[in-house]
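Listed here are the chains, written in short residue letters.
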There are 12 protein chains.
Amino acid sequence: MLRQRGEVETHLVLTKPAERTIVEETDWKPDDVRALASVVHSPADIGASIASGSFQTMGMVVLPCSINSVASIAYCQADNLLTRAADVMLKERRKLVLVVRETPFHRGHLKAMLEATEAGAIIMPPIPAFYGRPKTIDDIVNHTVGRVLDLFDIENDLLKRWGE
Amino acid sequence: MLRQRGEVETHLVLTKPAERTIVEETDWKPDDVRALASVVHSPADIGASIASGSFQTMGMVVLPCSINSVASIAYCQADNLLTRAADVMLKERRKLVLVVRETPFHRGHLKAMLEATEAGAIIMPPIPAFYGRPKTIDDIVNHTVGRVLDLFDIENDLLKRWGE
Amino acid sequence: MLRQRGEVETHLVLTKPAERTIVEETDWKPDDVRALASVVHSPADIGASIASGSFQTMGMVVLPCSINSVASIAYCQADNLLTRAADVMLKERRKLVLVVRETPFHRGHLKAMLEATEAGAIIMPPIPAFYGRPKTIDDIVNHTVGRVLDLFDIENDLLKRWGE
Amino acid sequence: MLRQRGEVETHLVLTKPAERTIVEETDWKPDDVRALASVVHSPADIGASIASGSFQTMGMVVLPCSINSVASIAYCQADNLLTRAADVMLKERRKLVLVVRETPFHRGHLKAMLEATEAGAIIMPPIPAFYGRPKTIDDIVNHTVGRVLDLFDIENDLLKRWGE
Amino acid sequence: MLRQRGEVETHLVLTKPAERTIVEETDWKPDDVRALASVVHSPADIGASIASGSFQTMGMVVLPCSINSVASIAYCQADNLLTRAADVMLKERRKLVLVVRETPFHRGHLKAMLEATEAGAIIMPPIPAFYGRPKTIDDIVNHTVGRVLDLFDIENDLLKRWGE
Amino acid sequence: MLRQRGEVETHLVLTKPAERTIVEETDWKPDDVRALASVVHSPADIGASIASGSFQTMGMVVLPCSINSVASIAYCQADNLLTRAADVMLKERRKLVLVVRETPFHRGHLKAMLEATEAGAIIMPPIPAFYGRPKTIDDIVNHTVGRVLDLFDIENDLLKRWGE
Amino acid sequence: MLRQRGEVETHLVLTKPAERTIVEETDWKPDDVRALASVVHSPADIGASIASGSFQTMGMVVLPCSINSVASIAYCQADNLLTRAADVMLKERRKLVLVVRETPFHRGHLKAMLEATEAGAIIMPPIPAFYGRPKTIDDIVNHTVGRVLDLFDIENDLLKRWGE
Amino acid sequence: MLRQRGEVETHLVLTKPAERTIVEETDWKPDDVRALASVVHSPADIGASIASGSFQTMGMVVLPCSINSVASIAYCQADNLLTRAADVMLKERRKLVLVVRETPFHRGHLKAMLEATEAGAIIMPPIPAFYGRPKTIDDIVNHTVGRVLDLFDIENDLLKRWGE
Amino acid sequence: MLRQRGEVETHLVLTKPAERTIVEETDWKPDDVRALASVVHSPADIGASIASGSFQTMGMVVLPCSINSVASIAYCQADNLLTRAADVMLKERRKLVLVVRETPFHRGHLKAMLEATEAGAIIMPPIPAFYGRPKTIDDIVNHTVGRVLDLFDIENDLLKRWGE
Amino acid sequence: MLRQRGEVETHLVLTKPAERTIVEETDWKPDDVRALASVVHSPADIGASIASGSFQTMGMVVLPCSINSVASIAYCQADNLLTRAADVMLKERRKLVLVVRETPFHRGHLKAMLEATEAGAIIMPPIPAFYGRPKTIDDIVNHTVGRVLDLFDIENDLLKRWGE
Amino acid sequence: MLRQRGEVETHLVLTKPAERTIVEETDWKPDDVRALASVVHSPADIGASIASGSFQTMGMVVLPCSINSVASIAYCQADNLLTRAADVMLKERRKLVLVVRETPFHRGHLKAMLEATEAGAIIMPPIPAFYGRPKTIDDIVNHTVGRVLDLFDIENDLLKRWGE
Amino acid sequence: MLRQRGEVETHLVLTKPAERTIVEETDWKPDDVRALASVVHSPADIGASIASGSFQTMGMVVLPCSINSVASIAYCQADNLLTRAADVMLKERRKLVLVVRETPFHRGHLKAMLEATEAGAIIMPPIPAFYGRPKTIDDIVNHTVGRVLDLFDIENDLLKRWGE
């Protein structure tokens, strides 16, 4: 799931639980999110472009990423397009950022995140930063998105940087 | 650092970095925080009551908890009162909750959290929950505090529960 | 799947394979089993109360528990309500009993049970006890159920105890 | 998926992705493949003969075998007939050959193949052999099939042997 | 303890706890069991035929097998004839089936069973199968014995097979 | 071996080496110790109440505990009542405290204590505390006993607490 | 061994077994291959440019790569120029692609590939892709070469890409 | 190196150190040994029949086997015909017996033998058995050879069996 | 901290917590202890003689040794003279005895002691021996000191030996 | 500690031990070194720019790097600016080069370096290269600095390259 | 079991299986062996001198050593004088040589020998050396005894040395 | 390779790469080095005195030691006299010092050094010490040689010691 941003072509995979999350946690509808992407893939479409190592990409972000998805990636349970595309990132040594949203962690969670990390993924829980004195929940969300873009070396001003 | 709540006697250890965090990230002063605790200990006071296994407690929360503190606890580097008291919780098999604030995680972070978990600690990063449709940053903070109290079976209404 | 018993509120998740097992192995129908529970959840309802850490429970029993479910819990493949609720038990440090029905074990089975145990689950295969001189198959089944209740400190007389 | 050959009774499980593979990569239709087997099972039929340890077989081949299937077998995620039957092979200590078709490997792939191997499976990627100077792609495919039959000690002349 | 069956020569080792188990859990006497075996060895007779790798056997079953015996075999504590003979099976790469009767498992049990499995033993807990709709406790016991014989490829009709 | 204390029913298992220790290291006789217990079991009585998971207890203390006993528990060598009862504590997830008396430790000792700890036991060597300024050897012994009782949440004044 | 391609300077190390492979499996002669490289090194020339970390390269491909070479690299047995140069790639954190040609894998093979991967190498077995409907064996070979070039971000049209 | 025996076709690989051993430790000459084999291969002949998985064999014995050869097999350093053929045995899951002649063992030796064992080899040091009251050194050697033949289920009378 | 004894030159490092321990637990003052040493170093003096591998010593004792110091040595956190000198002992393969005073142990403690042991240290908790029928607390302390001297092969009569 | 070089902005952290090293081992004064950096930070200034992931850098070099610093980084003991900034490099997946100056290594040292490497650091001990026939100690030092710059792809002529 | 030799005081522990071995495999009687020792201990005498760390010895040899004894030492099952004395050797860091007589090895044997080695023991199987051209079985036995004495630096001429 | 020094008898093994190193990096010729040794062995002479455990030595130094040699020793690839003699040191528990000259380290290097260390070797990279203010490259080399001699307790004045 590549976030839409300016000149970058973005591909979106929206799983069923992701749709449910949008409805329950935001004022958006799934189609609003879909409208932001350059290309939208069905999670069932295992044969989509992004499931092929021969299709060139900068990398992939899973945001938010359930512990279930982290573990599916860590243990190679690539049975939908999301986890298959993530698996391709790892085998082609491209960047894969997993914005894990789970708390607290039990040992199994940490083990799965460790395995994913050792396979090359970057585990980035969306922990709010308060040093920038966020005023709204949007500030918190933007900070996390900014950190993700930073990891891809995509310039952005979503993030309050040191000294600003 | 035990949170103050009603009839519970709370003991507070405020480290230097914690003081700095209060000043930089909130509108409080360290002494405002200290005023909330039943007992305040200096981080240098290795001989304080809470550093002794013979002093009875329900457990301990480190909130927020730097990755440095997690690792000090995981690898038994108990050189101040905070980490010594945490070590006592583990050896006496009492509850120890570490509200880890770090992102992204590298392998060393995950390894340290795994070791701490295997020694009995509970790693609980303060990841915001959006299902309750928080309106303010305070809602987010309260939710995390409520989850911590839940782990100690202390009744509270800080947390929006399922079905409410 | 929480067993019904007296004053305890029980919640039931009946998976497709569980329904099939009831039909093939007993004289009951799935609805007969459902009628025994206080609350019945659909396995697909990931958003049910018991999938939330904020919903308070004594713990959970999976009975019978396929090796597939043990492994899904051990490796965090929480993609239905049964495994999601089990994952919640582990992260909230509540009791989780898995009545594993598989034989013989290969190395992968033992590895999965070991991982589940290290994450906090209790593996309890329904091995018949003969010291009580069971007369019927019901005696055997009751003994297993009694042992499960014992693990939750729920008084019961299903189990023939030492010296009786 | 047991290959059809002479006097051997073969059982076939054709998963959805396998059907897709047949259509996309060969001139066959799924039913052409099904016609070659003695018995055809639906992948959803968890209760089929081959899912029972009491049903006697020589072993099983998964050809081609996605990394997803390898990992499901390695980590006991036996949720369809293919992986359940494979699990039965391992617990009954029968032969299980996995013709893994994936490249390159990331660490997670190798870990999963290692776990499967330690549980008793044989990982056999269909790497073409050129020492026999194959003329056509069929020669390459036949060589792989011959090697699989060899592992089951089934005589065959698909394979160009040393000195021929 | 090799089960008596038709043309197979069986050797029996009956330990003290096994004798006690027979008395407490069945209507048999130890001598009734001994009468079924071709050859009976004293558990103290470390120098018996079956303790020598040069004595040829099909393999060995320990039924029932305490967790103590599993662990003695796993950790090479071969101090009586039962565990010594089991050790010989493993070093000569013959079949060794351990019908472990223990529940629940703690981590040490699983570790011991894992070690035994990695050394070549087959852990087979006597978990009752209900798919055959057993009527009596004997049906349950016979099913387990049938599964053991199956592992040695000894034909038998103790086991209700798929489709029967 | 449960220590006698007020209203608690205590069960005692006195092994041969324990009897020898009493005679060699104290002015007591084994029978003096036996007289303190509510119930006395022979170490050979594998079938005693405390060897059964169905018999309910608060937990168990082994005091003093030889490295041999720690290792027997860690590696499941449960061949007398002491180690069998300890094994039951672990599988029923009750408290087990091992007052290990050995020094120095070699790697094997530490490994065994680590395994026991990971299975749920608490290793508590009787290291004298001097902060209470003990006057006699009895003070030292009482302090250790007090710490043990503390681990079971049994009130006692054997222990000089912080601030007293 | 860098494949020759347009403007890239390529260095070739042709081991004895590689020469044999060329003769046995292709219509080429070793010198034909050598003629394609910018620079040719003798495998015995441990002191060649590419054996020095100070000599700058994009990376290295071993194609085909015997399991012997994988293991020599994994376990640092750098006793000829091929393995020495590969070792340099790893220590300078440059790209190293190993086109492993072996099947089936035993545990030792998988272990060696895992070690090599953890040291930074990319294991890429030349598994034929059929989705592009290859017509000839050359199509299969070109596909593999194209995948290798992709890993170095060298544009090429050897590979049939998704959607073409 | 397959031992010559009656109707079995034997293939011999005699390495340089093996030749030296024959000369130094026996009254034989290397050619005397070669004369006993059906087929003799040069250790440098990596392309010999026995180096190919497609060439069918019962298995292989390395006798005597230096720790160097054990380790080469364990760590896949298959750079001569002996170790290559051994590697083929392991990947084709055939029998491989390594008669290791080294003493004492350091940790590296044990680690290598453990790896080889986990890959499927049988480590069989030629430890003399005295229970048969050997009279000559030949008796001792024959006993070892008899044990090797036993492992291949080749009948022989070199070994004094139990009860003889 | 080298104990003073007759003709041996002793060097003393007295940390801040050690000073506090002397005051709280004994009737001595830190300077009384310092007066016993041949040379006294400040714990902050990282550049002292004993921090250099080139300065020759018999070894080192840390008595008493906090779990914090054990772990600092085990995990190479050599940030004061005590831990730096201990690190030198290990790298120069000299004797290092750590008289660990902590109880009970949690998993982290045991892990740290295991790591220290594997790096060459000797963990020697000051567990009192009662076989010598100590009369006073001094007898207990002397016994421990005698055992330490024994480990350095320094003759002493502090220890009641067998048969005395 | 970022080395000063041409157009690159360098940030310097000079710890207390580093100052001491400068004075003891060179003819420089700490301020001479500070004068070479673009920005100088106090080691106590945990809140400096380089301690924030949001501050963008090429990477970081610790030169020389004590084993204490390696271990602090490996085990996440980030309690001063040096180790905190190093931790940031690892979590942001930037380059971190540790010029470890310690010899000989004990097991704990190697373990710490392995952990640091697995977290992404590059361990580069300043081992002198003699192939360039250095004339002075400065030649040796420059070679090491040149190798470090090479790792950051910063062109330099400090290093005598192959063929020069 | 310390071998008798000249001026060295030897202590002998002769277990029951050892006595049986003497009778079955040699022309000696147990008392003949006992007569060679300076001191003879009963294996049941756990309180003998050699079971105490305070009793000073050069070390200990177990010859021959069953795999049972190796494993008892490796896993700290010190329940007779032989294994208790061996345990003392390891904790006091004295020499312990185990002349293991077992073949072939299974994985459990190798694991136990590895654990024993890591705890400090020396595993020395009595493998006959033929380079000295032994004439009799005594030559072979003497060679092994000579190698043991060498490990203790006890001069002897039992061993044919290089160049003799 | 034992360094020449006064009254010590030294044996030298000069491998081919060592000869090349002498020529490329120093003004010496291989024969100049050979002239310094008491005895010179050919690296191919596997049967030399120092390859036999029965030949008594103080230990062995490999200086300089390539990572290839470290790994050959760690993984028991003892195929020339150098690595065979090193293997003998380890199995006879004599001192083995490996002056490893490699930088930077990748994970495989560290793993090999860790394995070698755990088998008993001492890894001692020749890192220059500057505290003695070396004036020339010879000072640096002498310091390293002095440290090696120190490890063998051979008095020397090559090393500037503390306080000098």
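Reference entry: report on the structure contained in this document. Note that the coordinates shown come from a computational prediction; the quantities given were computed from them, not determined experimentally.

**Quick notes on the interface of chain I and chain L**
Then step 1. Counting from both sides, the interface comprises 11 residues of chain I and, opposite them, 11 residues of chain L.
Then step 2. Summed over the shared surface of chain I and chain L, the result is 1 salt bridge.
Then step 3. Between Arg147 of chain L and Glu92 of chain I there is a salt bridge, with its nearest N and O atoms 2.2 Å apart.
Then step 4. Inspection of the chain I/chain L interface yields 2 residue pairs in polar contact (both at pLDDT 80 or more).
Then step 5. For the side of chain I that touches chain L, the residue count by class is 2 nonpolar, 6 polar and 3 charged.

**A look at the sheet that holds strand E4 (residues 95–100) of chain G**
Neighbouring strands of a sheet are bound in pairs by backbone hydrogen bonds; such pairs are parallel or else antiparallel.
All names here are of chain G.
Then step 1. Taken together, 3 strands build an open sheet; the order of strands is E3-E4-E5 and the sheet is parallel. Both outer strands of the open sheet, strand E3 (59–65) and strand E5 (122–123), are each paired with one neighbouring strand and no more.
Then step 2. Looking at chain direction, E4 and E5 are connected through 2 bridges and run parallel. Bridge pairing in E5 places Leu98 opposite Ile123.
Then step 3. Of the strands in this sheet, E3, E4 and E5 are in contact with helix H6 (residues 137–151), which crosses E4 at around 160°.

**Here's the deal with the relation of the copies chain I and chain L**
Then step 1. At an RMSD of 0.0 Å, chain I and chain L line up after a rotation of 120° and a shift of 0.0 Å along the axis. Read as a symmetry element, the transformation amounts to a three-fold axis. Among all C-alpha atoms of chain I, that of Glu118 of chain I lies closest to the rotation axis, at 4.7 Å.

**Quick notes on the relation of the copies chain B and chain A**
Then step 1. With an RMSD of 0.0 Å, the fit of chain B onto chain A corresponds to turning through 180° and sliding 0.0 Å along the axis. Between the two chains, the operation in question is that of a two-fold axis. Considering only C-alpha atoms, the residue of chain B closest to the rotation axis is Ile127 of chain B, which sits at 2.6 Å.
Then step 2. Both copies share a contact surface, since 100% of the interface residues of chain B are interface residues in chain A too.

**Structural notes on the interface of chain B and chain A**
Then step 1. Between chain B and chain A, the residue contacts involve 35 residues of the former and 35 residues of the latter.
Then step 2. Our count for the chain B to chain A interface comes out at 4 salt bridges.
Then step 3. Among the salt bridges present, the one from Arg133 of chain B reaches Asp27 of chain A, with a minimum N-O distance of 2.9 Å.
Then step 4. Counting across the interface, chain B meets chain A through 16 residue pairs in polar contact (both at pLDDT 80 or more).
Then step 5. Elements supplying a minimum of two residues to the side of chain B that touches chain A: helix H1 (16–25), helix H5 (107–118), strand E5 (122–123) and helix H6 (137–151) of chain B.
Then step 6. Of the residues forming the side of chain B that touches chain A, the biggest block, 7 residues, is contributed by H5 of chain B.
Then step 7. Per-class residue counts for the side of chain B that touches chain A are 20 nonpolar, 4 polar and 11 charged.

**Observations regarding the sheet that holds strand E4 (residues 95–100) of chain D**
Residues and elements named next belong to chain D.
Then step 1. Ordered in space as E3-E4-E5, the 3 strands form an open sheet in which the pairing is parallel. Each having just a single partner strand, strand E3 (59–65) and strand E5 (122–123) make up the two edges of the open sheet.
Then step 2. Summarising the sheet, E3 and E4 pair through 5 bridges and their orientation is parallel. Within the sheet, the bridge partner assigned to Cys65 lies in E4 and is Val100.
Then step 3. Across the sheet, helix H4 (residues 81–91) touches E3 and E4, and the angle it forms with E3 is around 135°.

**Quick word on helix H6 (residues 137–151) of chain A**
Then step 1. With 15 residues, H6 of chain A ought to run about 21 Å at 1.5 Å a step, and its terminal C-alpha atoms sit 22 Å apart, in line with that.
Then step 2. Judged by how many residues are buried, H6 of chain A sits mostly within the fold: 11 of 15 residues are covered.
Then step 3. Every buried residue of H6 of chain A is listed here: Ile137, Ile140, His143, Thr144, Val145, Gly146, Arg147, Val148, Leu149, Asp150 and Leu151 of chain A.
Then step 4. Check the buried side of H6 of chain A and you find it contacts strand E3 (59–65), strand E4 (95–100) and strand E5 (122–123) of chain A, H6 of chain B together with helix H4 (81–91) of chain J.

So, how was this worked out
Residues numbered from 1 in each chain as written. Chains lettered and ligands numbered in written order. Predicted model: local features only at pLDDT ≥ 70, side-chain atom pairs only at ≥ 80, totals over all residues. Heavy atoms only, no water. Contact = heavy atoms within 4.5 Å. Salt bridge = Lys/Arg side-chain N within 4 Å of Asp/Glu carboxyl O. Polar contact = N/O pair within 3.5 Å; in protein donor to acceptor, adjacent residues only side chain to side chain. Nonpolar A, V, L, I, M, F, W, Y, C, P; charged D, E, K, R; others polar. Pairing = 2+ DSSP bridges. Helix = DSSP H or I, 4+ residues; strand = E, 2+ residues; numbered from the N terminus. Axes fitted to C-alpha atoms, helices over the stretch in contact; angles between N-to-C directions. Least-squares fit on C-alpha atoms with pLDDT ≥ 70 in both. Expected span 1.5 Å × (residues − 1). Buried < 20%, exposed > 50% of the residue type's maximum accessible area, 1.4 Å probe, protein only.

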